[in-house]
Amino acid sequence: MKPKMEGGTETNGGGSSPMTRRRYSACSFTKDDFFPEESFKSTNNYVEALRQTPARLANRILTRSNLQTELEVKARSANEMKKTLSWWDLMWFGMGAVIGSGIFVLTGKEANEHAGPAVVLSYVIYGLSALLSVFCYTEFAVEIPVAGGSFAYLRVELGDFVAFIAAGNILFEYVIGGAAVARSWTSYFATLCNHKPEDFRIHVHGLAHGYNQLDPIAIGVIIIICIIAVVSIKGSSRLNYIASVVHLFVIFFIIICGFIKADTKNYSPFSPYGPHGIFKASAVLFFAFVGFDAVSTMAEETKNPARDIPIGLVGSMVITTFLYCVLAVTLCLMQPYREIDVDAPFSRAFVAVGWSWAQYVVAAGALKGMTSVLLVGAVGQARYLTHIARTHMMPPWFAKVDLRTGTPINATVVMLVATAAIAFFTDLVILSELLSIATLFIFMLVAIALLVRRYYVSGETSTQNRNKLIFFILLILGSSIATAIYWGVSEKGWIAYCITVPILIISTAGMWFFVPQACTPKHWGVPLVPWLPSASIAINIFLLGSLKKDSFMRFAAWTAFLLLYYFLFGLHASYDTAMASQATKIEDAPYKKIEAGENSTATMTPTGY
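Residues numbered from 1 in each chain as written. Predicted model: local features only at pLDDT ≥ 70, side-chain atom pairs only at ≥ 80, totals over all residues. Heavy atoms only, no water.

S.K.: Sorry if this is basic, but what is going on with the overall build of the protein chain here?
M.R.: For the protein chain, the helix and strand inventory stands at 23 helices and 2 strands. The buried share of the protein chain, reckoned over its 609 residues, is 57%. Taking the contacts inside the protein chain whose residues are at least 6 apart along the sequence as the reference set, 83% of them involve residues at least 24 apart. When the accessible area of the protein chain is evaluated, it comes to approximately 24,200 Å², of which 67% is carbon and sulfur surface. (Helix = DSSP H or I, 4+ residues; strand = E, 2+ residues; numbered from the N terminus. Buried < 20%, exposed > 50% of the residue type's maximum accessible area, 1.4 Å probe, protein only. Contact = heavy atoms within 4.5 Å. Areas by Shrake-Rupley, 256 points an atom, 1.4 Å probe, with all protein chains shown as cover.)

Below you can see the structure in the form of structure tokens.
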């Protein structure tokens, strides 16, 4: 006798896999497709669920998932994603995800307004920070090879509540990032057509500044990307590979031709805005590194995660950081930083040095790069939403995977519709700062989660060691936040750093010396723990302190919306799902033991569960 799974489908042959394969209607829009949980069956049930909110929150707020659970919830997608990707695919996905509008647009803006030629140092600083985050992501992606990315990692280590807040910001990051790239695509397309970057946008006087330049071309580009992303993951990989190869040829063209027209006089003064300008540019330029985490969401579709993910993620980040630094140097050698165009800097730089024909090559390469970024972003964000919906924190309708294409069509389409709506209205400057704050916040949480993963195992770590771990993590966070605040409010002060920086170092050393590691990675692990995760936490928080107040206000408003959704819907849906899953496991336990050949009488005793 085979046990039934959630939804009434049977397990595969012999019960060897919890995964099922069945057709579903992607166009179904019944209430049960979105809210099938018991709390939403009737108005009385919902009112009772709301009344139990404090108790349910206490139950879920620190509840941690585990690897087996994350693997089991894949069954809620009805069909499996296809394992077709190698390290070569991931390498090109990583470069395709990252090398796009950040380097081709924001480099000019930040060099002109905040850093000058020292913008290369801004890239070095955040290249280091991004590399530290890549290490953390890689260990998790290898050990937890599911489509959920950082949401799954945080759910396993920091619990449902933190994971949900991070999940909302992950989705926000992808929507904002995709919208920013789509608008940049329009700017470079206009340049390619021998127009000014803003010529193809529609100016509406009745709308607020920053939201009054409508961009219909961005919507068209997103629609095309959506079609490609839902057809095939391997097809998306091939298209990304071709686009990225062309893009790299254009980058080498820019570097070689740019150095031919270089003038070292343009590199003086090197740092006109001082250290604050360099770090402020670094915080915004982080937009140029966004996207590599999308590669971690492809672990479920990778043939050999333990080998392919470290090569793909780390390799692509090292190559990307090097190219960014060389491109930044090239741009600032071609033009004085004050004359760099903030909309299409590389194209206009070639016009300024008398090579007008080269602007079309640059614009074509930029379009190729931004197309890759949009495509990889579409693939990654859909897989994030798919796994979040598998936990029912978002409606399970988003978790469905199409049997024919092996892709999450519902999640892909909905995320890209949201991206198109934002891209139609919102200016790039607003988008880039919103994107940076959400991403820095998530990367900080992933670094904290890695420390928890290495130093705490439930049921094994003693209470004393757990308390020491919490104490040292709080010291690392507190000293990092104090350093960032002091940096933001004092331009020339230094005394506070003599207190906060030693506390950061001592607290990290204390964790390394006094708290024994409780978990050793099975396949691939971050080196120099806790030093590298601690440095990642400190750098991400420090860069957060370099952002504008308005960015934090928008971030707070979005987080408040997430909390409202969580308390009204997400909490109750995930609570009901967890309780139903727990009950199913208890019911299935006797049958599993019988199939394993154990005595049926023994399975019915209390100790048999």
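Read on, since the account is not over.
S.K.: Looking at this structure, I do not really get helix α19 (residues 463-489). What am I missing?
M.R.: For an α-helix, the turn length of 3.6 residues means that residues three or four places apart are oriented alike. Compared with an ideal rise of 1.5 Å per residue, which puts 27 residues at 39 Å, α19 spans 39 Å between its outermost C-alpha atoms and is within 8% of the ideal. Those residues of α19 lying buried are Asn465, Leu469, Phe472, Ile473, Ile476, Leu477, Ser479, Ser480, Thr483, Ala484 and Trp487. (Expected span 1.5 Å × (residues − 1).)

S.K.: It is not clear to me how the packing of aromatic side chains should be interpreted in this structure. Could you clarify?
M.R.: Remark: the centre distance and the inter-plane angle together describe each pair of aromatic rings, the angle taken between the planes. Throughout the structure, instances matching the rule amount to 36 aromatic pairs. The interplanar angle of 50° and the centroid separation of 5.1 Å between the aromatic rings of tryptophan 487 and phenylalanine 542 together place this pair among those described as tilted. Residue tryptophan 487 is found in helix α19, and its partner phenylalanine 542 is found in helix α21 (residues 531-544); the two are separated by 55 residues along the sequence. Side by side, tryptophan 487 and phenylalanine 542 carry an identical accessibility label, which is buried. (Phe/Tyr/Trp six-rings, centres within 6.5 Å; stacked < 30°, edge-to-face > 60°.)

S.K.: What's the story with the side chain of glutamine 335 in this structure? I'm lost.
M.R.: Relative to the assigned elements, glutamine 335 resides in the loop between α14 (305-334) and α15 (345-352). Polar side-chain contacts of glutamine 335 include one of 3.2 Å to the backbone oxygen of glutamate 339. (Polar contact = N/O pair within 3.5 Å; in protein donor to acceptor, adjacent residues only side chain to side chain.)

S.K.: Hey, could you run me through the pattern of salt bridges in this one?
M.R.: Pairs can form between side chains of opposite charge whenever their charged atoms are close. Tallied over the full model, the rule gives 13 salt bridges. With its nearest N and O atoms 3.8 Å apart, the salt bridge here joins glutamate 139 to arginine 453. Placement of glutamate 139 in helix α7 (residues 119-143) and of arginine 453 in helix α18 (residues 428-455) is noted, with a sequence separation of 314 residues between them. Taken as a pair, glutamate 139 and arginine 453 share a single burial class, namely buried. For aspartate 215, the salt bridge identified is with arginine 201, shortest N-O distance 3.1 Å. Here the residue aspartate 215 occupies a position in the loop between β2 (213-214) and α10 (216-231), and arginine 201 occupies one in the loop between α9 (160-192) and β1 (202-203), the gap between them amounting to 14 residues. Judged by its relative accessible area of 0%, aspartate 215 is buried. Among the ionic contacts, a cluster of salt bridges with common partners joins Arg64, Glu139, Glu143, Glu157, Arg453 and Arg454. (Salt bridge = Lys/Arg side-chain N within 4 Å of Asp/Glu carboxyl O.)

S.K.: Would you mind going over the nonpolar core with me for this structure?
M.R.: When a protein is soluble and globular, its nonpolar side chains tend to lie buried together. Among the nonpolar cores identified, the biggest contains 169 residues, and Phe104, Tyr123, Tyr188, Ile254, Phe346, Phe350 and Ile537 are the most heavily contacted of them. The element best represented in this core is α9, accounting for 18 residues. When neighbours within four sequence positions are excluded, isoleucine 254 is seen to be in contact with Phe104, Leu327, Thr330, Phe346, Phe350 and Val362. (Core = buried A, V, L, I, M, F, W, Y, C linked by side-chain atoms within 4.5 Å.)

S.K.: Got a minute to help me understand the packing of α7 against α14 in this structure?
M.R.: Helix packing geometry: the angle between the two helix axes and the distance between the axes. Direction vectors running N to C along α7 and α14 enclose 175°, while the axes themselves pass 10 Å from each other. Between α7 and α14, the crossing angle belongs to the class labelled roughly antiparallel. Residues that form the contact of α7 with α14 fall into these classes: 23 nonpolar, 3 polar and no charged. (Axes fitted to C-alpha atoms, helices over the stretch in contact; angles between N-to-C directions. Parallel < 35°, antiparallel > 145°, perpendicular 65-115°, else oblique. Nonpolar A, V, L, I, M, F, W, Y, C, P; charged D, E, K, R; others polar.)

S.K.: Where do I start with helix α8 (residues 150-157) in this structure?
M.R.: In terms of burial, α8 is largely enclosed, as 8 of its 8 residues are buried. Taken together, the buried positions of α8 are Ser150, Phe151, Ala152, Tyr153, Leu154, Arg155, Val156 and Glu157. Where α8 terminates, the next one or two residues include glycine 159, which has phi positive at roughly 100°.

S.K.: Teacher, can you tell me more about the packing of helix α16 (residues 358-390) against helix α17 (residues 409-425) here?
M.R.: Relative to each other, α16 and α17 sit at 115°, their axes nearing to 8 Å. Of the two possible hands of crossing, α16 and α17 adopt the one that is right-handed. Contacts between α16 and α17 involve Ala378, Gln381, Ala382, Leu385 and Thr386 from the former and Ala411, Thr412, Met415, Leu416 and Thr419 from the latter. For the contact of α16 with α17, the class distribution of residues is 6 nonpolar, 4 polar and no charged. (Left-handed = near helix turned anticlockwise from the far one by under 90°.)

S.K.: Please clarify how unusual backbone geometry should be interpreted in this entry.
M.R.: Glycine aside, residues mostly have negative phi angles, and peptide bonds mostly take the trans form. Put simply, serine 268 and proline 269 share a cis peptide bond, and its omega is 0°. Within the element layout of this structure, proline 269 appears in the loop between α11 (233-260) and α12 (274-285). Cis peptide bonds are those with omega within 30 degrees of zero, and the linkage from valine 529 to proline 530 qualifies with 15°. Checked against the element boundaries, proline 530 lands in the loop between α20 (497-514) and α21. At asparagine 194, a residue that is not glycine, the phi angle is positive and equals roughly 65°. Along the polypeptide, asparagine 194 turns up in the loop between α9 and β1. Residue classification places asparagine 194 among the exposed positions, given a relative accessible area of 56%.

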